[in-house]
Amino acid sequence: MAKLFSTNNLLDIQHLKSELDLLDIDILKDYIDFLINEELAFYVNSIEEYKMFPKLNLEWEYPAIVSNMIIDIDKDSNHNLESIIKCCENINCRHIQIRFFNETLFSDLQILLKTINESNVICVELFIPAHAKLCNKDLISLIKKNKKISNILLYNYCKDMVLFNQGEYGTGTILCTRQNLNTELLCGNFHFNYFVVNIDFFSESQKYNTCLNRKICIDKKGFIKNCPSMRENFGKFTEVNLKLAIENPQFIKYWHINKDNINKCCDCEFRYICIDCRAYTENIEDIHSAPLKCGYNPYTLSWSNWSDAQG
Ligand code: SF4
């Protein structure tokens, strides 16, 4: 059936029927009913109508060497955030996620936001642990005053809730979770809620890795990495120029591993909407090994069984 559509996404039913015997026509009808019911296909009445649905252009490009950066900070970190953010400007990286694993003071957040507001960074997401010295009122005032904050995730909170929602363009929210996210080791979990369904992600996933492409990270010890959870590092931020780190072929080798190159994922129906993980894989010796924390098996499980199991 896939082959029937592979040439131009158009199935000429009348022509096809004329080439099939009665039994095959019944099978074909079942296939077509399935595609129509699942909204995977639709009828057109003429070639003119079909031409009104041109093929999507799935070329993906991004106007910077790096699209996003993760910075991890714990109580022993010795990061010079001002210097890191300055380097972001040099590589034209405009989106940053900063994950605090330690109790952060409001005054430190204010200093950080001042630096970000004066930089070319356009968007910052903050992961902050809830603690007694950080009050909700201050966080709400912080997010109201600093439009560059896309979201704040307040973890280790007493309940799961939306604390604040500015309601503008889907950003400016403070989300609270009971989960304790005070370590990079929690990365790489898979859940159907994490699927990303938009044309930008879908296009990027055709050729590139859906987690690591154009990403750079500074881990809590100051090492430059593809992902803070990965063991491989490319030197300390204080000693290695970020641009040189990115030019290292070993650094960018992960960018081009798309789901079609990954064991198991290559046969999964979710491969173009699913975020990858190269930090935790089934076989650490194999760069194309399947993500370790994904419980879905495209060969034996159905989508509905998996979603039921995940709750
Ligand atoms: S098998 Fe791969 S593509 Fe499919 S859900 Fe799991 S990680 Fe995602």
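Refer to the structure printed above.
To keep things clear, this report deals only with the structure shown in the data block. None of the values given here were measured: they were computed from a predicted structure.

Cut-off values and rules
- Residues numbered from 1 in each chain as written.
- Predicted model: local features only at pLDDT ≥ 70, side-chain atom pairs only at ≥ 80, totals over all residues.
- Heavy atoms only, no water.
- Axes fitted to C-alpha atoms, helices over the stretch in contact; angles between N-to-C directions.
- Helix = DSSP H or I, 4+ residues; strand = E, 2+ residues; numbered from the N terminus.
- Parallel < 35°, antiparallel > 145°, perpendicular 65-115°, else oblique.
- Left-handed = near helix turned anticlockwise from the far one by under 90°.
- Contact = heavy atoms within 4.5 Å.
- Nonpolar A, V, L, I, M, F, W, Y, C, P; charged D, E, K, R; others polar.
- Buried < 20%, exposed > 50% of the residue type's maximum accessible area, 1.4 Å probe, protein only.
- Salt bridge = Lys/Arg side-chain N within 4 Å of Asp/Glu carboxyl O.

Put simply, helix H5 (residues 81–90) and helix H6 (residues 106–117) touch, their axes get as near as 10 Å, and they point 25 degrees apart. Relative to H6, the element H5 is oriented roughly parallel. Crossing of H5 over H6 shows right-handed handedness. Seen from H5, the contacting residues are Leu-81, Glu-82 and Ile-85; seen from H6, they are Leu-112, Thr-115 and Ile-116. Classifying every residue of the contact of H5 with H6 gives 4 nonpolar, 1 polar and 1 charged.

This paragraph deals with unusual backbone geometry. In this model, Asn-92 sits at a positive phi of 65 degrees, which is unusual for a non-glycine residue. Relative to the assigned elements, Asn-92 resides in the loop between H5 and strand S2 (95–100). Residue class for Asn-92 comes out partly exposed when judged on its relative accessible area of 29%. Notably, Arg-214 is not glycine yet its phi reads approximately 55 degrees, a positive angle. Tracing the backbone shows Arg-214 in the loop between helix H8 (199–207) and strand S7 (215–218).

Next up on the list: the pattern of salt bridges. For the structure on display, the rule yields 14 salt bridges. Among the salt bridges present, the one from Arg-214 reaches Glu-61, with a minimum N-O distance of 3.2 Å. Of the two residues, Arg-214 sits in the loop between H8 and S7 while Glu-61 sits in the loop between helix H4 (47–50) and strand S1 (68–73), which places them 153 residues apart along the sequence. A relative accessible area of 13% places Arg-214 in the buried class. Linking Asp-160 and Arg-178 is a salt bridge whose minimum nitrogen-to-oxygen distance equals 3.4 Å. Highlighted residues: Asp-160 in the loop between strand S4 (149–155) and strand S5 (161–168) and Arg-178 in the loop between strand S6 (171–176) and H8, separated in sequence by 18 residues. The exposure class of Asp-160 is partly exposed, given its relative accessible area of 46%.

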